[in-house]
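Notes for the structure review
Here's the letter readout for the chains.
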Amino acid sequence: MGTMDQDILKVLYTEKQIAARIEAMGMEMYEDLKDKNPLFVSVLRGAFIFMADIVRACQVRCDVEFIAVSSYGNATSSSGAVKITHDIQQDITGRNLVVIEDILDSGNTLCFLKQYFATKGAASVSICTLLDKPSRRTKVITADYIGFTVPDEFVVGYGLDYCQKYRNLPYIGVLKPEVYGGNDE
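So, how was this worked out
- Residues numbered from 1 in each chain as written.
- Predicted model: local features only at pLDDT ≥ 70, side-chain atom pairs only at ≥ 80, totals over all residues.
- Heavy atoms only, no water.
- Helix = DSSP H or I, 4+ residues; strand = E, 2+ residues; numbered from the N terminus.
- Rg over C-alpha atoms; globule rule 2.2 N^0.38 Å.
- Buried < 20%, exposed > 50% of the residue type's maximum accessible area, 1.4 Å probe, protein only.
- Contact = heavy atoms within 4.5 Å.
- Pairing = 2+ DSSP bridges.
- Arc of directions from axis to C-beta.
- Axes fitted to C-alpha atoms, helices over the stretch in contact; angles between N-to-C directions.
- Core = buried A, V, L, I, M, F, W, Y, C linked by side-chain atoms within 4.5 Å.
- Expected span 1.5 Å × (residues − 1).
- Polar contact = N/O pair within 3.5 Å; in protein donor to acceptor, adjacent residues only side chain to side chain.
- Disulfide = S-S within 2.5 Å.
- Parallel < 35°, antiparallel > 145°, perpendicular 65-115°, else oblique.
- Left-handed = near helix turned anticlockwise from the far one by under 90°.
- Nonpolar A, V, L, I, M, F, W, Y, C, P; charged D, E, K, R; others polar.

Our next topic: the overall build of the protein chain. In terms of helices and strands, the protein chain carries four helices and nine strands. In the protein chain, the succession of α and β elements from N to C terminus is β-α-β-α-β-β-β-α-β-β-β-β-α. For the protein chain, whose C-alpha radius of gyration is 16 Å, the value lies close to the compact-globule estimate of 16 Å for 185 residues. Counting the 185 residues in the protein chain, one finds 46% classified as buried. Considering only intrachain contacts with a sequence separation of at least 6, the fraction spanning at least 24 residues in the protein chain is 67%.

With that out of the way, let us pick up the sheet that holds strand β9 (residues 172-175). Strands belonging to one sheet form pairs held by backbone hydrogen bonds; the direction of such a pair is parallel or antiparallel. Strand order in this open sheet of three strands is β1-β9-β8, and the pairing throughout is antiparallel. Strands at the two margins of the open sheet, each flanked by one partner only, are β1 (8-13) and β8 (155-156). Direction of pairing for β8 relative to β9: antiparallel, over a ladder of two bridges. Paired with V155 across the two strands is V174, which belongs to β9.

Our next topic: helix α2 (residues 48-57). For α2, the set of buried residues is F50, M51, I54 and V55. Taken around the axis of α2, the buried residues stretch over an arc of 120 degrees, which confines them to a single face. The inward-facing, buried residues of α2 contact α1 (15-33), β2 (39-44), β3 (63-70), β5 (96-104) and β6 (124-132).

Here we come to the sheet that holds β3. The strand order across the open sheet built from six strands is β4-β3-β2-β5-β6-β7, with neighbouring strands paired in mixed fashion. Among the strands making up the open sheet, the edge pair consists of β4 (83-86) and β7 (145-149). On average, each strand axis in the sheet is tilted by 30 degrees relative to the strand beside it, whichever way the strands run. Summarising the sheet, β2 and β5 pair through four bridges and their orientation is parallel.

Next up on the list: the nonpolar core. Counting 28 residues, the largest nonpolar core has M29, F40, F50, I54, I100, C128 and L131 as the members making the most contacts within it. Going through the elements one at a time, α1, α2, β5, β6, β7 and β9 are the ones with two or more residues in this core. Contact partners of I100, with chain neighbours within four places excluded, come to F40, V41, S42, V43, A47, F50, M51, I54 and C128. Of all hydrophobic cores here, the second largest spans 20 residues; its members include I67, L97, F117 and I141.

On to α1, then. Taking 1.5 Å of rise per residue, the 19 residues of α1 would be expected to cover 27 Å, and the 26 Å separating its terminal C-alpha atoms lies within 8% of that figure. Of the positions making up α1, those classed as buried are I18, I22, M25, G26, M29 and L33. One face of α1 carries all of its buried residues, which in axial projection span an arc of 115 degrees. Exposed and facing more than 90 degrees away from the buried side of α1 are K16 and M27.

Take R137: it is sitting in the loop between β6 and β7. Engagement of the side chain of R137 in a polar contact is seen with the backbone oxygen of K133, the distance being 3.4 Å. In contact with R137, not counting residues within four places along its chain, are L104, D105, S106, G107 and D132.

A few words on the state of the cysteines. This model, assessed by the stated rule, comprises zero disulfides. Left unpaired, C128 is separated from the closest cysteine sulfur, that of C58, by 8.7 Å.

Our next topic: the packing of α1 against α2. Running from amino to carboxyl end, α1 crosses α2 at an angle of 55 degrees, the nearest separation of the two axes being 8 Å. In terms of orientation, α1 lies oblique with respect to α2. α1 and α2 meet at a crossing whose hand is right-handed. Here I22, E23, M25, G26, M27 and M29 of α1 lie close against α2, whose contacting residues are F50, D53, I54 and A57. Along the lines of polarity and charge, the residues of the contact of α1 with α2 split into seven nonpolar, one polar and two charged.

Given below as structure tokens:
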């Protein structure tokens, strides 16, 4: 047991459960995307682990890009204002984009990105999220591909962080309230 494990209240999804769900998602996405030469766009930093696994699970001809946005900083809830801190590097005109995100929470970031990519000429923009937390939604948006629906708890691991820590846990767990001050995410 690692030192980070002591900060975890409970494990929501084990490494094996995550791998099995990603494999199933990959097969579903393959059927939808096999003739579309999609561009997978990972939202940094949280989605980087999920991105690596989902593009391997979805065996289509594709390429990858990365975008970094900020709406949280080190806070536990979104400020609502989304800004791009690192943009994608290629022309997306006429491309079928699949935005890869770690968690769909308030919906602010993904609403912003969907509109942003549409204005840059994307033919389509699909959303693939590892976790969906509909109880926190403030924007009308749904994901096309969802790994797991999670309760309104502070989740970390498998790319998700608290103050840039816990991303490297191989599972998804609920952080103990005393670790983050007990406030809601």
